[in-house]
Amino acid sequence: MTVTFAAAAEGFVRDLDEDFRRIEKLVGRAREAGAQLLALPEAALGGYLSSLHGDHEDEPPQLDGDGPEIQRLIGLAGDMVITAGYCERGDDASDGLPYNSCLAVTGDGVLGRHRKVHQPLNENNSYAAGDRFAAFDSPVGRMGMMICYDKAFPEAARALAVDGARVVVCMSAWPASRTNQAPVLADDRWTRRFDLFDRARALENQIVWVSANQAGEYGSMRLVASAKIVDPGGEVLATTGTEAGLAVASIDVDESVESARRFMGHLRDMRRGSYSPVPASA
């Protein structure tokens, strides 16, 4: 089955009504393009932190995982799968800290959820960490999700692929480098790393990779955009570059995954007994 994917590069803010106005426009554009899945960025509902260095002055609004904002997103989805990030209200297990979360929905409800596991810099001062990666079934096939820094860890994407995911959506608020900033955003070292991680995770697991990211400037951060769809061979099928926009590409997920794995099957050829656990002090 050929699936059309759309990955958004867009900025989002604290004002939820404004965020939904932007989401509605993106949903409309994705529908016009025939997309069956639209990936929105990390913190699409309420915006991300204004700084990663502990000097931000405000916090994103905390939302309930089944609250009115999520129901509003479900209402927009219809027969499309929409993935989006948000700040999930904390619980007893998190000592009251919220989670940096995302979910996948259709008009029928929530398909899957994920809480960001890996936390860069001072993010742990604002969010509690998740503790797992799990795939789930969806109208576009078995899929998984992760958030931003999660993709820097090969084990995260591999866990989803081993769990049967053939599509992985990574939602980010990935900034450019704070030091030694490049005059041209496309040349920034953190832009290059963002793109490299996307291609590597797709290729090493031989999956379809859908990457959404925030765009523009927010607080002290300049976001690198660079939303894209990558095929199981690590080739970029569509990208927004460093501008806001929508990357759209169509691919037969099962055929492309099976073709990539036919001779050089990375999951098939794993030698699981050869990989020693990484010591905690490493």
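You'll find the structure just up there.
Here the structure is a predicted model, which is why all the values come from computation and not from measurement.

Engineer: Explain the overall build of the protein residue by residue, including any values.
Structural biologist: The helix and strand tally for the protein stands at five helices and 13 strands. Relative to the globule expectation of 19 Å for 282 residues, the C-alpha radius of gyration of the protein, 18 Å, shows essentially globular dimensions. Dimensions of the protein along its principal axes, counting C-alpha atoms only, are 50 × 50 × 45 Å. A total of 282 residues make up the protein; the buried ones form 53% of that total. Here the protein displays about 12300 Å² of accessible surface, and carbon together with sulfur accounts for 49% of that area.

Engineer: So, the layout of surface pockets: which residues are in play, and what are the values?
Structural biologist: What the largest pocket holds in volume is close to 450 Å³. If you list the elements that add at least two residues to the lining of the largest pocket, you get helix H4 (189-205) and strand E10 (221-224). For the lining of the largest pocket, a count of residues per class yields 12 nonpolar, six polar and six charged. Among the secondary structure elements, those contributing two or more residues to the lining of the second largest pocket are strand E3 (81-88), strand E4 (99-106) and strand E5 (109-115). When residues in the lining of the second largest pocket are grouped by element, the largest group, four residues, is from E5. Looking at the lining of the second largest pocket residue by residue, the class counts come to six nonpolar, four polar and five charged.

Engineer: Tell me what's going on with the nonpolar core, and back it up with residues and numbers.
Structural biologist: Membership of the largest hydrophobic core comes to 36 residues, with the highest contact counts inside it found for Phe-5, Leu-37, Met-143, Val-210 and Ile-229. Every element with two or more residues in this core is listed here: strand E1 (2-9), strand E2 (37-39), E4, strand E6 (143-147), strand E7 (167-172), strand E8 (208-213), strand E13 (245-252) and helix H5 (253-261). With four residues, E1 is the single largest residue contributor to this core. Beyond its immediate sequence surroundings of up to four residues, Leu-37 is in contact with Thr-4, Phe-5, Ala-6, Met-80, Val-81, Val-140, Met-143, Val-169 and Val-210. The next biggest cluster of nonpolar side chains, apart from the first, holds 26 residues, and it includes Ile-70, Tyr-86, Val-105 and Leu-246.

Engineer: Kindly report on H5, identifying the contributing residues and their values.
Structural biologist: For H5, the complete set of buried residues consists of Val-253, Ser-256, Val-257 and Arg-261. Burial along H5 is one-sided: seen end-on, the buried residues are contained in an arc of 125 degrees. On its buried face, H5 is in contact with E1, E7, H4, E8 and E13. Measuring from the backbone nitrogen of Asp-254 back to the side-chain oxygen at the start of H5 gives 3.4 Å, which picks out Asp-252 as the cap.

Engineer: Describe in detail the environment of Arg-22, supporting the description with residues and values.
Structural biologist: The residue Arg-22 is located in helix H1 (residues 16-32) in this model. Residue Arg-22 is classed as partly exposed on the basis of its relative accessible area of 25%. Distance in space between the C-alpha atoms of Arg-22 and Glu-10 is 8.2 Å, their sequence separation being 12 residues. The residues touching Arg-22, leaving out its near neighbours within four places in the chain, are Glu-10, Gly-11, Phe-12 and Val-13. Within the structure, the side chain of Arg-22 is placed 2.8 Å from the side chain of Glu-18, a separation counted as a polar contact.

Engineer: With reference to specific residues and values, describe the pairing of E4.
Structural biologist: Burial of E4 is extensive: eight of the eight residues sit out of reach of the surface. Burial along E4 is two-sided: Tyr-99, Ser-101, Leu-103 and Val-105 facing one way and Asn-100, Cys-102, Ala-104 and Thr-106 facing the other are all buried. Judged from the seven bridges that link them, E3 and E4 form a sheet pairing that is antiparallel. Looking at the pairing, Tyr-86 lines up with Ser-101 of E4. Bridge count between E4 and E5: six bridges; the pairing is antiparallel. The residue bridging Ser-101 from the neighbouring strand is Arg-115, located in E5. Hairpin connection of E4 to E5: two residues between the antiparallel strands.

Engineer: Help me get a handle on the side chain of Arg-201, residues and values and all.
Structural biologist: Mapped onto the elements of the fold, Arg-201 is located in helix H4. There is a polar contact of 2.4 Å between the side chain of Arg-201 and the side chain of Glu-204. Setting aside residues no more than four positions away along its own chain, Arg-201 makes contact with Lys-151, Ala-152, Phe-153, Pro-154, Ala-157, Ile-207 and Trp-209.

Rules used throughout
Residues numbered from 1 in each chain as written. Predicted model: local features only at pLDDT ≥ 70, side-chain atom pairs only at ≥ 80, totals over all residues. Heavy atoms only, no water. Helix = DSSP H or I, 4+ residues; strand = E, 2+ residues; numbered from the N terminus. Rg over C-alpha atoms; globule rule 2.2 N^0.38 Å. Buried < 20%, exposed > 50% of the residue type's maximum accessible area, 1.4 Å probe, protein only. Areas by Shrake-Rupley, 256 points an atom, 1.4 Å probe, with all protein chains shown as cover. 1 Å grid on protein atoms, 1.4 Å probe; cavity = no way out; pocket = protein on both sides within 12 Å on 5 of 7 lines; lining within 4 Å. Points joined across faces, edges and corners; volume = space filled by probe spheres on them. Nonpolar A, V, L, I, M, F, W, Y, C, P; charged D, E, K, R; others polar. Core = buried A, V, L, I, M, F, W, Y, C linked by side-chain atoms within 4.5 Å. Contact = heavy atoms within 4.5 Å. Arc of directions from axis to C-beta. Polar contact = N/O pair within 3.5 Å; in protein donor to acceptor, adjacent residues only side chain to side chain. Pairing = 2+ DSSP bridges.

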